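# Examining the three-dimensional arrangement
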Amino acid sequence: MKIVKISGGLGNQMFQYVYGQYLLKKYREKIYYEIEWYKKKRKIKNLYLRNFELAKFDIDIKIVKKKKIYHSHV
């Protein structure tokens, strides 16, 4: 399982989604997307946070909640 963090405007979101699809084909593992960045309500250096826009498109995107992400060390 691989997780791609999504952040930024629509252009960045599209690139990050396509990168996840590349990883899916390369490693043949499940790909999940983490979108916690959009839940922050603060301002970053005069740049207001954007909205998650990929949900408006007819794509298969699996969202994972940050609380369900765990780290394992081998």
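Below, the structure is looked at part by part. On a predicted model such as this, the values are computed, not experimentally measured, just so you know.

### Some remarks on the nonpolar core
- Counting residues in each nonpolar core, the largest one holds 11 residues, listed as Val-4, Ile-6, Tyr-17, Leu-23, Ile-31, Tyr-33, Ile-35, Tyr-38, Phe-52, Leu-54 and Ile-61.
- Taken together, the elements giving at least two residues each to this core come down to helix 1 (10–27) and strand 2 (31–34).
- Excluding residues that lie within four positions of it along the chain, Ile-61 makes contacts with Tyr-17, Tyr-33, Phe-52 and Leu-54.

### Description of the pattern of salt bridges
- One pass over the full model with this rule turns up five salt bridges.
- With a shortest N-O distance of 3.5 Å, Lys-39 and Glu-36 are connected by a salt bridge.
- Across the pair Lys-56 and Glu-53 runs a salt bridge whose closest N-O atoms are separated by 2.7 Å.

### Quick look at the environment of Ile-63
- Assignment of secondary structure puts Ile-63 in the segment after strand 4 (47–48).
- Along the sequence, Ile-63 and Ile-6 sit 57 residues apart, while their C-alpha atoms lie 9.9 Å from each other.
- Apart from residues lying up to four places away in sequence, Ile-63 is in contact with Tyr-33, Ile-35 and Phe-52.

The rules behind each value
- Residues numbered from 1 in each chain as written.
- Predicted model: local features only at pLDDT ≥ 70, side-chain atom pairs only at ≥ 80, totals over all residues.
- Heavy atoms only, no water.
- Core = buried A, V, L, I, M, F, W, Y, C linked by side-chain atoms within 4.5 Å.
- Buried < 20%, exposed > 50% of the residue type's maximum accessible area, 1.4 Å probe, protein only.
- Helix = DSSP H or I, 4+ residues; strand = E, 2+ residues; numbered from the N terminus.
- Contact = heavy atoms within 4.5 Å.
- Salt bridge = Lys/Arg side-chain N within 4 Å of Asp/Glu carboxyl O.

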